[in-house]
Every structure is written in structure tokens, then in C-alpha cells.
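What follows is the residue order along each chain.
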Amino acid sequence: MDDDEEVGLLGHDKEPQTVGKRFAEPESHRINRKKGCKDVVLPCLPSNADGFEFTQQESDAFGRLKERLSVLYTSSNKNHEAKLKLLYENYLQPCNPPADPVTLKTKAWGNLGFQGEDPRTDFRGGGICALLCLYHVCSHCPAQLPQYRDLTARGLFLLACSSIGCTFFLRNYLHMGENVDVNRQREGIAPRRSLKNIARWICRDNIDDDNLATFKRLHTMIFTRQFDLWSSACASNPQFTIIDSGSAEKVVREHFKKILEERDYATVDEFEREFTKGRLETEKVTKFTF
């Protein structure tokens, strides 16, 4: 059983207001088609299909996932607090100083790459899903966790902040951020083939009753690839500081976009094989310049 189920975190997408609710294909996906001659000369006519339209099942799965990703972390929500306590008990405790038993506040959260003594403040940009994805990284990468901790302790990496950044990137790329404007954000959001791939996968997740499964898996793919590239770059260039880590993030995220857009992938397994094979060049990681 997934830990999310153990603390009741999978229940909110089954609340009465979402049961049986139907969703339209995302407007941002519909209008993100490349404009052809017909669209310019005869815009009043219906747009031609390009094969990347969502089925109703995909639209519903996408809509439910988007709603879930919009849920903020709330300290008054006992399920949210229970998940944070699990993170503390499983991946921070024992620590010095120990956390306050009620608030869980402690400066030791910095050992996991949080910015202050109250980790809740770091979840503001990614909501409860940022916590779920971080927990997924810790629980599904036990062999790598000591490396994440080591580089964090050396001040070259922030485990929690990097994970939360991946959540924020993926959410926005998948048209699930706030106020998606295709005209302004076209370079930063998934093109139609890419989003159709994702919709296909999360539709299958919905059948398995965990519509976060693909999102968490993609998040972990990106996170681990970023860490591997960044740690290799640090090993080859001792002049790097944590300020330069954004360069590694950019290399991996552009690689992710490129592979996802190349072709149709029937399954996320098929995509993962393409995304993770081969070596990313540490030479592409550069010093930060203003």
C-alpha cells in the first residue's frame, strides 16, 4: 500500500464535488496547435485535427490531476500534517536539535535541504503534491539518499528545494499552473504531442486509483537525472557552487522536453528508457553569470 493511502491523502479527489464530474479538453492544449494557412486565411472554419486531441477519459484524468495539483499545503489538514510527520520520522529523525513535538519545527530540516526551521513555508509554490513528490523521492531512491544528504551537507545541493523545484517545473510545463497563457508561455509549456503522451499515461493511472502515479514518477526521473548531472559536474569542477546548479537543471529539463516531444510513447516505461539512456555532458553545466 502506498504511504499516501495510509494517511488518507488519496481521498480528496473522490470528494462529492468531483465524483462523476466531466472535464473538457484543456483550452491551452486546444489552442496550442501550430497555425497553418487555413487557420490564418479562414479562421472561422473548424480547426483540423492533428491526432493529439484528448479522449473524454483523458480529459477527465487530466482535469482531476490538475485539481489535485492545485491543493495547497494546509497545516490545519491532519492528513497533510501526518505526511510531514512521516517525512520527519523516516528521513530526518533522529536529529539535533529535535523537532518540537507539536509544530515539528527544527533547524535540522536544513539537513534535508529545507530553507528554514518550518518546512511548510517551502511548500507554498508546489502545494501538498510537492511534499508527496519529495517523500516519493526519499522512499524510492534509498540507495541514492545518502548521496543527496552528503551533497546537501556540503552546501552544494538542497534536496528538498530541488525536489520542490521539479514539482513546480513539471506542473507548469503540463499546463497545470495558474493562468496558462499560450501566447506568452508557448516556449515553457508542453506542445501538443508531449501533452497527449502525458494524458495517455495519467488516464491509465486513474484506472489504478492513483492519479499522481505518473506525475511522481516523472518528477523522480527529472530529479535523479538532475542530481546525477550536477554531482558529476561538481566532481569535475571544484569551483562550482550551488548557485551554478541551475545550469544542470536547465540541461536536464531541455533534454526531458526534447525526448517527450520526439514521438508518441505508448507507456511511461517506454519514455523512461529513452529519457534515461546515455550520458548527459557535464561540459554543458556552466558557471552562473549575471
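The coordinates are above.
Below is a short write-up of the structure. (Residues numbered from 1 in each chain as written. Predicted model: local features only at pLDDT ≥ 70, side-chain atom pairs only at ≥ 80, totals over all residues. Heavy atoms only, no water.)

**Focus: the packing of helix H8 (residues 159–173) against helix H11 (residues 213–236)**
How we decide: Angles run from 0 to 180 degrees between N-to-C directions of axes, and those axes are lines fitted to C-alpha atoms, restricted for helices to the stretch in contact. A helix here means a DSSP run of H or I that spans at least four residues, while a strand means a run of E at least two residues long, and both kinds are numbered starting from the N terminus. Angle categories: roughly parallel below 35 degrees, roughly antiparallel above 145, roughly perpendicular from 65 to 115, and oblique for all the rest. Should the near helix be turned anticlockwise from the far one by less than a right angle, the crossing is left-handed, and should it be turned clockwise, the crossing is right-handed. Residues count as neighbours in contact if any of their non-hydrogen atoms are within 4.5 Å of one another. For this classification, Asp, Glu, Lys and Arg are treated as charged, while Ala, Val, Leu, Ile, Met, Phe, Trp, Tyr, Cys and Pro are nonpolar and the rest, including Gly, are polar.
Look at H8 against H11: their axes get within 9 Å of each other, and the N-to-C directions meet at 125 degrees. Between H8 and H11, the interaxial angle falls into the category oblique. Every pair of crossing elements has a handedness; the one defined by H8 and H11 is right-handed. Contacts between H8 and H11 involve Leu159, Ser162, Ser163, Cys166, Thr167, Phe169, Leu170 and Arg171 from the first element and Phe215, Leu218, His219, Ile222, Phe223 and Gln226 from the second. A per-class count over the contact of H8 with H11 returns 8 nonpolar, 5 polar and 1 charged.

**With respect to a nonpolar patch on the surface**
Our working rule: To count toward a patch, a residue needs a relative accessible area above 30% and no salt bridge. Like charges then connect within 9 Å, nonpolar side chains (Val, Leu, Ile, Met, Phe, Trp, Tyr) within 5 Å. Using a 1.4 Å probe, accessible areas were evaluated by the Shrake-Rupley method; residue-level cover was limited to the displayed protein chains. The rule for a salt bridge is simple: a side-chain nitrogen of Lys or Arg has to be within 4 Å of a carboxyl oxygen of Asp or Glu. Each residue gets one of three labels from its accessible area relative to the maximum for its type: buried under 20%, exposed over 50%, partly exposed in between, using a 1.4 Å probe on protein chains only.
On the surface, a nonpolar cluster with roughly 450 Å² of combined accessible area is contributed by Ile243, Phe288 and Phe290. Mapped onto the elements of the fold, Ile243 is located in the loop between H11 and helix H12 (245–262). You can call Ile243 exposed: its relative accessible area is 57%.

**What about the environment of Asn237?**
Note the following rule: Nitrogen and oxygen atoms within 3.5 Å of one another constitute a polar contact, given that in protein one can donate a hydrogen and the other can accept it, and given that sequence-neighbouring residues count only through two side-chain atoms.
Tracing the chain through its elements places Asn237 in the loop between H11 and H12. Within the structure, the side chain of Asn237 is placed 3.0 Å from the backbone nitrogen of Gln239, a separation counted as a polar contact.

**A word on the state of the cysteines**
Stated formally: Working definition: a disulfide is two cysteine sulfur atoms within 2.5 Å of each other.
Counted under the stated rule, the structure contains 0 disulfides. Between Cys133, a cysteine without a disulfide, and Cys129, which holds the nearest cysteine sulfur, the sulfur-to-sulfur distance is 6.2 Å.

**Some points on the nonpolar core**
One recurring pattern in soluble globular proteins: nonpolar side chains tend to sit buried together. Going by this rule: Only buried residues count toward a nonpolar core. Its members are Ala, Val, Leu, Ile, Met, Phe, Trp, Tyr and Cys residues joined through side-chain atoms within 4.5 Å.
Within the largest apolar cluster, 76 residues are counted, with the highest numbers of intra-cluster contacts made by Leu87, Trp230, Phe256 and Phe271. Aside from chain neighbours lying at most four places away, what touches Trp230 is Leu151, Leu156, Phe157, Phe240, Thr241, Ile242, Asp244, Ser245, Ala248 and Val285.

**A closer look at the pattern of salt bridges**
Scanning the model with the defined rule gives 21 salt bridges in all. A salt bridge links Lys196 to Glu58; its shortest N-O distance comes to 2.6 Å. In this pair, Lys196 sits in helix H10 (residues 192–207) while Glu58 sits in helix H4 (residues 56–69), placing the two residues 138 residues apart along the sequence. Among the residues examined, Lys196 registers a relative accessible area of 8% and is labelled buried. The salt bridge involving Arg154 is made with Asp150; its shortest N-O contact spans 3.3 Å. For Arg154, a relative accessible area of 52% gives the class exposed. Among the ionic contacts, a cluster of salt bridges with common partners joins Arg263, Glu270, Glu274 and Lys277.

**Points about the packing of H12 against helix H13 (residues 268–276)**
The contact between H12 and H13 brings their axes to 10 Å, and the two run at 135 degrees. It follows that H12 is oblique to H13 by the angle criterion. Taken as a pair, H12 and H13 cross one another with a handedness that is right-handed. Judged by residue contacts, Val252, His255, Phe256, Ile259 and Leu260 of H12 engage Phe271, Glu274 and Phe275 from H13. Tallied by class, residues from the contact of H12 with H13 come to 6 nonpolar, 1 polar and 1 charged.

**Some thoughts on helix H7 (residues 145–153)**
For clarity, the cut-off: An arc is given here, and it is the one of the directions from the helix axis to the C-beta atoms.
Turning to H7, its buried residues number three or more, namely Leu145, Tyr148, Leu151 and Thr152. Buried residues in H7, looked at end-on, bunch into an arc of 135 degrees, giving them a common side. For H7, the secondary structure elements touched by its buried residues are helix H5 (78–91), helix H6 (127–140), H8 and H11.

**Focus on unusual backbone geometry**
Cis geometry marks the peptide bond from Gln93 to Pro94, where omega comes out at 0 degrees. The residue Pro94 is located in the loop between H5 and H6 in this model. Despite not being glycine, Leu104 has its phi angle at roughly 65 degrees, a positive value. Counting through the fold element by element, Leu104 comes out in the loop between H5 and H6. Of note in this structure, His175 is not a glycine but carries a positive phi near 65 degrees. With respect to the helices, strands and loops of the structure, His175 is situated in the loop between H8 and helix H9 (182–185). On the basis of relative accessible area, His175 is assigned to the buried category, the value being 1%.

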